[in-house]
Structure formats: structure tokens, C-alpha cells
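# Reading the structure
So the chains spell out like this:
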Amino acid sequence: AQTVTQSQPEMSVQEAETVTLSCTYDTSESDYYLFWYKQPPSRQMILVIRQEAYKQQNATENRFSVNFQKAAKSFSLKISDSQLGDAAMYFCASSDMGGSEKLVFGKGTKLTVNP
Amino acid sequence: EAGVAQSPRYKIIEKRQSVAFWCNPISGHATLYWYQQILGQGPKLLIQFQNNGVVDDSQLPKDRFSAERLKGVDSTLKIQPAKLEDSAVYLCASSTHDRETSYEQYFGPGTRLTVT
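Attention in this report is confined to the structure presented alongside it.

Counting its regular elements, chain A contains zero helices and twelve strands. Mapped in sequence order, the helices and strands of chain A form the string β-β-β-β-β-β-β-β-β-β-β-β. Against the 2.2 N^0.38 benchmark of 13 Å for 115 residues, chain A shows a C-alpha radius of gyration of 14 Å, consistent with a compact globule. Across its three principal directions, the C-alpha atoms of chain A cover 45 × 30 × 20 Å. A separation of at least 24 residues holds for 54% of the contacts in chain A among residues at least 6 apart in sequence. Taken as a whole, chain A presents about 5400 Å² of accessible surface, with 45% of it coming from carbon and sulfur.

Here you go:
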């Protein structure tokens, strides 16, 4: 069974600074995907970034990048040049390709961006 | 393209009453998911449909929850009778079930259910 752990219930960052959100996961599958989702107060889950486990290169999307450490089963999210609009709950999730491809989520990290 | 639609956005009911939620996925998306998100937690899958067939309902409390996806498009999730612990946000998501898109799931705005 997949498990995803986010050990930081809350984080804060100053506007324009950089913040890193942590995530560890466990899976018995060799083929899986990892995701970071953002959930603002409006509740709409928005995909921030994804990583295929078979790719060694870390994914990047504009100001968002990941540090994927497969052996350590670690998948952290770095947000550079933080903006007020980045304030939200951030969920790390995994999806095994051997089953239903359902998402298994962590408990989330609440990010506050201070002006 | 239109996103995943859900209704209602909010619902308040008393325990032991019944309630139904509706989801309209993105056009052409074969896979539809219902997740339950309890306050302070991440979403948990309740049921997954591939077209109109059930792929995974292992975490659906079948004594009170039911879901259907007639004609492989819209879906309805029902709770009967509701319990206090069913208070949560119910999220619907859909995907093309395509490896090229990493099976990306698109989420609707959710329905917030409060059981009193």
C-alpha cells in the first residue's frame, strides 16, 4: 500500500523568498508518479508539478521545482520568488501505475506568504 | 475547455437523512474519481470509475454510500443515512487515463457537507 507523509503542518515565507516543503512516500511499485497539488481556500485542487519515478531529472515548472530522491523516497517542493498568491494548502500525492492510478495524498502543508 | 462541475457547493443535513452529490467530468475523460476530504486531512479515494464500470471502491462504506455513473459521463454519489463523521468536502476528479499526461486528474470545486 502507498503512504505519503508531510511532516510540516504549517510553513511561512516572506514574499520574494524561497521555501521548501517536504514529503516522503512509500510504495512497493517500481512505476509510479509523484505530484504536488495546491488547494486555495476556494477548495479547487490545482496541479502544481509532477514527476515520473523513472526520470532522474527533477521536474521544474517556472518558479516551482522538485528535489526527487528516489532511494530516500523523498519528494520536496521548492517555491522560488514566493508570491502572495502562493498561499494555500499544498498536498503531496503519489500514484502507482500497477493499480488503479488513484492518488494517495499526504495531510498537507499550509503555506502562508507574508508581505 | 470547461472544467469538472459539481453541485451543490454546500449542503447541510441532519444525521440519518440522505444526500446526493452530482459531478459532470471534463468532456472525453473516461475516468472519474470521488474523493472524501475530512477537515485537516488530504483527500481519500472513495470510488473510481472507468467509463461506467467500477475500478476501485475498496474504501467506499457500502452500507451507506453508493455511486453510479450512468452512460459513462455524469456521476452521482449518495449517502443514506448520513452520520456526523460524514461531514467533509467531497471532491470529484476526472482524467483521460493517458500515460502521456501522467494520468493527470482534474478536480472540481467540491461539495462541502455538514451533518448536524
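Attention now moves to the overall build of chain B. Helix and strand counts for chain B stand at zero helices and eleven strands. N-terminal to C-terminal, the α/β element order of chain B is β-β-β-β-β-β-β-β-β-β-β. Reported as C-alpha extents along the three principal axes, the dimensions of chain B are approximately 45 × 25 × 25 Å. Counting every position in chain B, which comprises 116 residues, the buried fraction comes to 47%. Counting contacts in chain B only where the partners sit at least 6 residues apart, residues at least 24 apart contribute 53% of the total. Only carbon and sulfur atoms are counted for the fraction: they give 48% of the accessible area of chain B, which is about 5600 Å².

As a further point, take the sheet that holds strand β7 (residues 65-68) of chain B. All names here are of chain B. Within the open sheet, the four strands sit side by side as β1-β3-β8-β7. Their pairing is antiparallel. Two strands bound the open sheet, and with one partner strand each, they are β1 (5-7) and β7. Taken pair by pair, the neighbouring strands of this sheet meet at an average axis angle of 15°, ignoring direction. Pairing between β1 and strand β3 (residues 19-24): three bridges, direction antiparallel. Directly across from A5, in β3, lies its bridge partner N24.

Okay, the pairing of strand β10 (residues 88-96) of chain A next. Residue and element names in this part refer to chain A. In terms of burial, β10 is a largely internal element, eight of the nine residues being buried. Examined bridge by bridge, β10 and strand β12 (residues 109-114) share three bridges and lie antiparallel to one another. Looking across to β12, one finds that M89 is bridged to K110. Pairing of β10 with strand β11 (residues 104-105) involves two bridges; the strand directions are antiparallel. In the strand pairing of β11, S94 is matched with V104.

Residue and element names in this part refer to chain A. Per the counting criterion, the structure on display carries two disulfides over all chains. Residue C23 pairs covalently with C92 via a disulfide, S to S 2.0 Å. Every disulfide takes its handedness from the sign of the S-S torsion; for C23 and C92 that torsion is -70°, giving left-handed. With C23 in the loop between β3 (19-21) and β4 (24-26) and C92 in strand β10, this residue pair connects regions lying 69 residues apart in the sequence.

Residue and element names in this part refer to chain B. Only one face of strand β11 (residues 111-115) is buried: it carries T111, L113 and V115, and the other face, with R112 and T114, is open. The pairing of strand β2 (residues 10-13) with β11 spans four bridges and is parallel. Each residue of the ladder has a partner; that of I12, found in β11, is T114. Relative to β11, strand β9 (residues 88-95) runs antiparallel, the two sharing three bridges.

All names here are of chain A. Per the stated rule, a full pass over the model turns up seven salt bridges over all chains. Note that D26 is salt-bridged to K73, the shortest N-O span being 2.8 Å. Of this pair, D26 sits in strand β4 while K73 is found in the loop between β8 (64-69) and β9 (74-79), placing the two residues 47 residues apart along the sequence. Judged by its relative accessible area of 38%, D26 is partly exposed.

So, about the nonpolar core. Of all hydrophobic cores here, the largest spans 25 residues; its most connected members are A:W36, A:F75, A:L77 and A:Y90. At the level of secondary structure, the elements contributing two or more residues to this core comprise β3, β5 (32-39), β6 (46-52), β8, β9, β10 and β12 of chain A. If sequence neighbours within four positions are ignored, A:Y90 has contacts with A:Q6, A:L21, A:W36, A:Y37, A:K38, A:V48, A:F64, A:L77, A:I79, A:G108, A:T109 and A:L111. Counting 21 residues, the second largest nonpolar core, distinct from the first, contains B:I13, B:L46, B:C92 and B:V115.

Analysis parameters
Residues numbered from 1 in each chain as written. Chains lettered and ligands numbered in written order. Predicted model: local features only at pLDDT ≥ 70, side-chain atom pairs only at ≥ 80, totals over all residues. Heavy atoms only, no water. Helix = DSSP H or I, 4+ residues; strand = E, 2+ residues; numbered from the N terminus. Rg over C-alpha atoms; globule rule 2.2 N^0.38 Å. Contact = heavy atoms within 4.5 Å. Areas by Shrake-Rupley, 256 points an atom, 1.4 Å probe, with all protein chains shown as cover. Buried < 20%, exposed > 50% of the residue type's maximum accessible area, 1.4 Å probe, protein only. Pairing = 2+ DSSP bridges. Axes fitted to C-alpha atoms, helices over the stretch in contact; angles between N-to-C directions. Disulfide = S-S within 2.5 Å. Salt bridge = Lys/Arg side-chain N within 4 Å of Asp/Glu carboxyl O. Core = buried A, V, L, I, M, F, W, Y, C linked by side-chain atoms within 4.5 Å.

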